[in-house]
Amino acid sequence: MIHSFILVAMEFGVLGPLLVVRDGHPVDVGGPKQQALLVLLLVRPNRLLTTGWLVDALWDGRPPASAETTLRTYVAGLRRALEPGRPARLPSKVLPGRPGGYELRVAPATIDATRFTMSVDAARAALDAGDTETAERGFAEALALWRGRALAGAADLTAVKPEVARLTELRLAAEEGRFAAAVAGGRHASVLATLRRFVAEHPTREAARAQLMLALYRDGRQPEALETYEEGRRVLAHEYGLDPGEPLRELHRQILTRTTAAGPAVALPDEPDDDLIGRGDEVNQLNDQLELATAGRGRIAVVSGEPGIGKTSLVRAVEQRATARGIPVVWGRCPEVGQAPPFWVWSRVVRGLITVAGPDGAAADPALAAVSGAAVEPGHAEWDPAARFRLYEAVADLIAAATRERGLLIVLDDLHAADPDSLLLLRFLATTLAATRALVVVTTRPYDHLPDLVAAMGDLDRAAHATRVRLRGLRPDAVRRLVRRERGANPADAYVAELHTRTHGNPFFLTELLRHDPDAGDLPPTVIDAVRARLAALAPAARDCLELLSVAGHELDLHTVATVLDIPTERLVALLSDGPVAQLAGSVGPGLVGFRHPLFAEVAYADLAAPRRAALHARLAGAYERLGTFAVAEIARHYGLAVGLGHGDDHVTWSLRAADEAIRRLAYEDASAHLDRAAAQLATSPARAGAELTVQLRRAALLQSTVGIGSGAVGAACARARELLAFVGPETDTRPALWALAELAANRGEFDICADLAGRIADAPGPPDDITWAAGQYELGVAAFFTGRLAAAEEHLSLAVDRLNAVAPQALGLPALAAYHFRALVRSLRGQRAAARDDIAAAVALAERLDDPYARANAQLFAAWLGMQELDAPATSVAARRCRDLGREHRLPHCVATGGYLLEWAAVQAGDPSRLDALREGYEAIYRPGLRATRTITLSGMATAHLSAGDAGGAARLVDEALAIADETGERVFVAELLRLRGTPADLREAARLAAEQDARLFVARLSG
């Protein structure tokens, strides 16, 4: 999209303290938080930034409940500052709101960081071309843009740190480029003093040390040049236990023997490895990481770059080093085409680790079945967040066990194609690797458009034991060596320059161009066309084979290929052995065939006509189904890409099976994606409304675990499910769906919706022992409680308890517990303290009979909640500690968070005001997963604590926040208490009136005291 940029006379500075200049005059853009928001927008200009992302980034992952409202205030402030003359009725052109978020529309060149990057790139190009004067001038002009620390004022925000690191590294590289240009141009004397200071400040940067050595040597000071090398060697040896890299060692040898050129030289001597031209520094960097890891300081290295840049080849070089030293190497690869099954990359790694570690100990942990490819127990799939953490810890233990004897190299190749569950596991493991002897090397293409991978890389960037290797195109001198290797002759300068321009130094593109037959005519402008020409020249049978491989998206065994193509295996082997075919595809393992490079597969797939592509997907799905040896997710994917050929029902069937399989393997994000696809397909057929309703309810249940109960995704799933209720046939019992939707609505703070759905359950006929009717009464009671209708709440909850007491205890489960819990809170508010205690005691006894950890923890949670409601700090403390401890023991995050909050409340009430900050942290932990209900109650508790600590101002702010939420959601049960806490005469009168109206005798007594 092309925007009309209106900030012609406005410039933005982020290379130092935030600076906004209009017509030569600085602009005041508000306080620190508002400035930080502008920095976030400037880091990602001309892109939609969602409200959720901005809130999370601005408050560094811990936003207050009022964050979205506050964000809108900051946006309004920025609009006034950036567009002071804009009439109020006109929408903003600079910072317009868009569905879901905001976009800052500015010309890129108005941001100094963008101008800096462009200037550095231009200076590098001049240096590569040998124009040292232009290069030195360009680097100097770029560096002059800096005024201090990059993105100051927001540099410590997690979302900003990667950009701070990038700009800081680029600044250092620009300094080194300026020195290199001056030294190469014979102007070393002019930069010698500055270069000395730079090396002293950055003693481990070998490129700068090399330039200082050259400058000293060319100034006739050979002893000082040699001492500079020794100084660097001592620093590396003492600090890291490392030797200098090969380029620096070679320069040292040349200076020592006086064989280095006396005149200008642009670059250091290149590395001698002809198999991996131009990558000596990167190989050394990864080898250094391997040394650190095997010495007991586990490491993560991320190798990133465009397709064909040489990521996998670089890792192969490190693999050779590891293998030569007897270090085990385990690979995991993500499929380049299609959707990766859950934990795909880790399933291969785990199988390899089990081989390394042996079958006993950590390798025998049954939790590994979810990723090792072992069979999981069939049956109904239930999501269990605690089980996923057990899996993560089992993989971490397995890695630690596999590294103990000789160290370990784990390679995760093509992570940009990884499934979300594999990325979540990597994010967890990143916190555990430092204590192992493992080096994990990740390769990935650019991933700015992949939010899951952006989040994972952000976690890795924050790890102190992680490093980045960004591969760029080869320099012209490396291109020359590559041509010499491929053609056996020294190329002309003009030819090298042409190749470098056309390929940007991409090794794969270069190699393909050099191997193309010159007699075939002038090459097309892209390597893609060269690959396409190869494919087009194949015989039809061979092309069929490669087309099938491209549709599969990964390697296939020979038997499967022969089955789908309906040809004898011997004929298939002969086809694959043909010279032209063998250049594109071949054996990738015993009995396996695949493309020799992912780009071959991408071109072959892109060239397929849509009907042909769909037909091959359908044939593969059918073959997989008949063979019975492929993952159900694979079958679902292929049927999904063939729905146009009448395979819609097949797609739904296999997507639901894939969701079940993913849930059993604890891959909840993957399961949610399968359910999304099934729902989308079912939505095309109104006659299948009942089936879609079931899927939407499962989606909502999963989404509340993965993205939070308060998320828009859960809201959309629930809204669609409510729509579908009107379209299901009379033969469908909708009461279970109404129950599920009512519970979701209550947790989302949608109390009117909850009451409507619950009323429909209660009005529906059912047998006397049907707990669904009781569930309807329970939900009606919950909605009445939160909206302050206490008499109605007790009536409905009592009906629920009476019905549930008539059912056998083993059939009661959590509904009966919840009815006791909320009735206890209602009775307490109505002044029936003894009855409330009886309800809590009944819930605790029932939890013991159920022998369910969650039930026990939840019973203690409500006992503590009741204690806070009655301002009983000792009782709250005892129950909250039990709740938190049970939550920790059984991995129940909500119980841990809520128990922690209630413990801190009790501590403040007992006279320890230092726990107020921890109390706020506990509050935010409760609502981070998206829960919307109960916020007015917990804020009331915090306000009470602040008053106890003597902080009346803080209490007033919390009351205001809670009352705003009450107005927004209708959660009015604690409004009388909140007004009492604020304490103005008008508030106290309204509190007394409201408490009497609600029959909240507990609050009436406090107001009378």
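Residues numbered from 1 in each chain as written. Predicted model: local features only at pLDDT ≥ 70, side-chain atom pairs only at ≥ 80, totals over all residues. Heavy atoms only, no water.

- The protein is annotated in an unreviewed UniProt entry as OmpR/PhoB-type domain-containing protein from Luedemannella helvata.
- Recorded in UniProt for the protein, the comment headed Sequence similarities (unreviewed entry) runs: "Belongs to the AfsR/DnrI/RedD regulatory family." (UniProt positions renumbered as here; feature names shortened; annotations may be inferred.)

1. Looking at the overall build of the protein
Inference 1: Helices and strands together make up the secondary structure of the protein, namely 47 helices and 14 strands.
Inference 2: Each of the 1009 residues in the protein was classed as buried or not, and the buried ones make up 52%.
Inference 3: The long-range share in the protein, meaning contacts at least 24 apart out of those at least 6 apart in sequence, stands at 66%.
Inference 4: By element, 53% of the accessible surface of the protein is carried by carbon and sulfur atoms, the whole surface being about 42,700 Å². (Helix = DSSP H or I, 4+ residues; strand = E, 2+ residues; numbered from the N terminus. Buried < 20%, exposed > 50% of the residue type's maximum accessible area, 1.4 Å probe, protein only. Contact = heavy atoms within 4.5 Å. Areas by Shrake-Rupley, 256 points an atom, 1.4 Å probe, with all protein chains shown as cover.)

2. Notes on the pattern of salt bridges
Inference 1: Applying the stated criterion across every chain, the model contains 62 salt bridges.
Inference 2: Its salt-bridge partner being Glu136, residue Arg187 comes within 2.7 Å of it at the nearest N-O pair. Of the two residues, Arg187 sits in the loop between helix H6 (161–184) and helix H7 (188–201) while Glu136 sits in helix H5 (residues 132–143), which places them 51 residues apart along the sequence.
Inference 3: In this structure, Glu291 and Arg325 form a salt bridge, with 3.1 Å as the shortest nitrogen-oxygen distance. In this pair, Glu291 is assigned in helix H11 (residues 280–294) and Arg325 in the loop between helix H12 (311–324) and strand S8 (329–333), connecting sequence segments 34 residues apart. (Salt bridge = Lys/Arg side-chain N within 4 Å of Asp/Glu carboxyl O.)

3. Concerning the side chain of Glu83
Inference 1: Within the secondary structure, Glu83 is located in the loop between helix H3 (67–82) and strand S5 (97–98).
Inference 2: For Glu83, a relative accessible area of 11% gives the class buried.
Inference 3: For Glu83, the side chain forms a polar contact with the side chain of Ser92, separated by 2.5 Å.
Inference 4: At 3.4 Å, the side chain of Glu83 forms a polar contact with the backbone nitrogen of Val94. (Polar contact = N/O pair within 3.5 Å; in protein donor to acceptor, adjacent residues only side chain to side chain.)

4. With respect to helix H13 (residues 344–357)
Inference 1: Compared with an ideal rise of 1.5 Å per residue, which puts 14 residues at 20 Å, H13 spans 20 Å between its outermost C-alpha atoms and is within 8% of the ideal.
Inference 2: Among all positions in H13, only Trp344, Val345, Trp346, Ser347, Val349, Val350 and Leu353 are buried.
Inference 3: Just downstream of H13 lies Gly358, where phi reads positive at about 90°. (Expected span 1.5 Å × (residues − 1).)

5. Structural notes on the sheet that holds strand S7 (residues 299–304)
Inference 1: Pairing in this open sheet of five strands is parallel, and the strands run S8-S9-S10-S7-S11 from one edge to the other. The open sheet is flanked by S8 and strand S11 (466–470), the only strands paired with a single partner. Looking at each pair of strands side by side, their axes are set apart by 15° on average, direction ignored.
Inference 2: Direction of pairing for strand S9 (residues 408–413) relative to strand S10 (residues 438–444): parallel, over a ladder of five bridges. Across the sheet, Ile410 pairs through a bridge with Val440, a residue of S10. (Pairing = 2+ DSSP bridges. Axes fitted to C-alpha atoms, helices over the stretch in contact; angles between N-to-C directions.)

6. A few points about the sheet that holds strand S3 (residues 25–26)
Inference 1: Taken in spatial order, the three strands make up an open sheet running S1-S2-S3, and their pairing is antiparallel. Every interior strand has two partners, whereas the edge strands, strand S1 (10–13) and S3, have only one.
Inference 2: The sheet contact formed by S1 and strand S2 (residues 19–22) spans four bridges and is antiparallel. In the sheet register, Phe12 faces S2, and the bridge partner there is Val20.

7. Things to note about the packing of aromatic side chains
Inference 1: All chains considered together, the criterion is met by 14 aromatic pairs.
Inference 2: Aromatic pair Phe786 and Phe822: ring centres 5.9 Å apart, planes at 65°, arrangement edge-to-face. Here Phe786 is found in helix H35 (residues 771–786), whereas its partner Phe822 is found in helix H37 (residues 809–829), with 36 residues between them in sequence.
Inference 3: Relative to Trp865, the ring of Phe862 has its centre 5.2 Å away and its plane inclined at 35°; by these criteria the two rings are tilted. In this pair, Phe862 and Trp865 are both assigned in helix H39 (residues 853–869), three residues apart and thus about one turn of the helix distant.
Inference 4: Judged by relative accessible area, which is 7%, Phe862 ranks as buried.
Inference 5: For Trp865, a relative accessible area of 10% gives the class buried. (Phe/Tyr/Trp six-rings, centres within 6.5 Å; stacked < 30°, edge-to-face > 60°.)

8. A few points about the confidence of the model for the protein
Inference 1: Of the residues in the protein, 90% reach a pLDDT of 70 or more, and the chain-wide mean stands at 84.
Inference 2: Per-element mean pLDDT across the protein ranges from 69 in helix H21 (residues 527–536) up to 95 in helix H43 (residues 935–948).
Inference 3: Note that pLDDT drops below 50 for residues 1–8; the model gives that stretch 17 contacts with residues more than four away or on any other chain. (pLDDT = per-residue confidence, 0-100.)

9. A short note on the nonpolar core
Inference 1: Judged by nonpolar contacts, the single largest core of 108 residues is most densely connected at Phe785 and Phe822.
Inference 2: Per element, the largest residue contribution to this core is ten residues, and it comes from H39.
Inference 3: What Phe822 contacts, discounting residues up to four positions off in sequence, is Tyr778, Val782, Phe785, Phe786, Leu797 and Phe862.
Inference 4: Grouped together as the second largest cluster of nonpolar side chains are 58 residues, Val20, Val55, Val164 and Leu167 included. (Core = buried A, V, L, I, M, F, W, Y, C linked by side-chain atoms within 4.5 Å.)

10. Some words on the pairing of strand S13 (residues 585–589)
Inference 1: Pairing of S13 with strand S14 (residues 592–595) involves four bridges; the strand directions are antiparallel. What sits directly across from Gly586, in S14, is Gly594.
Inference 2: Two successive antiparallel strands, S13 and S14, enclose a turn made up of two residues, where Gly591 displays a positive phi of approximately 75°.

11. Side note on the pairing of S9
Inference 1: Of all six residues in S9, six are buried, a share of seventy percent or more.
Inference 2: A two-sided burial pattern is seen for S9, the buried positions comprising Leu408, Ile410 and Leu412 on one face and Leu409, Val411 and Asp413 on the other.
Inference 3: On the question of chirality, the crossover connecting S9 to the parallel S10 by way of helix H16 (residues 420–429) is right-handed. (Right-handed = clockwise from strand over helix to strand, strands pointing away.)

12. Things to note about unusual backbone geometry
Inference 1: Of note in this structure, Asp414 is not a glycine but carries a positive phi near 60°.
Inference 2: Secondary-structure assignment places Asp414 in the loop between S9 and H16.
Inference 3: Taking the relative accessible area as the measure of exposure, Asp414 reaches 10% and is therefore buried.
Inference 4: We note that Asp999 has phi near 60°; this positive angle belongs to a residue other than glycine.
Inference 5: Along the polypeptide, Asp999 turns up in the loop between helix H46 (985–998) and helix H47 (1001–1008).

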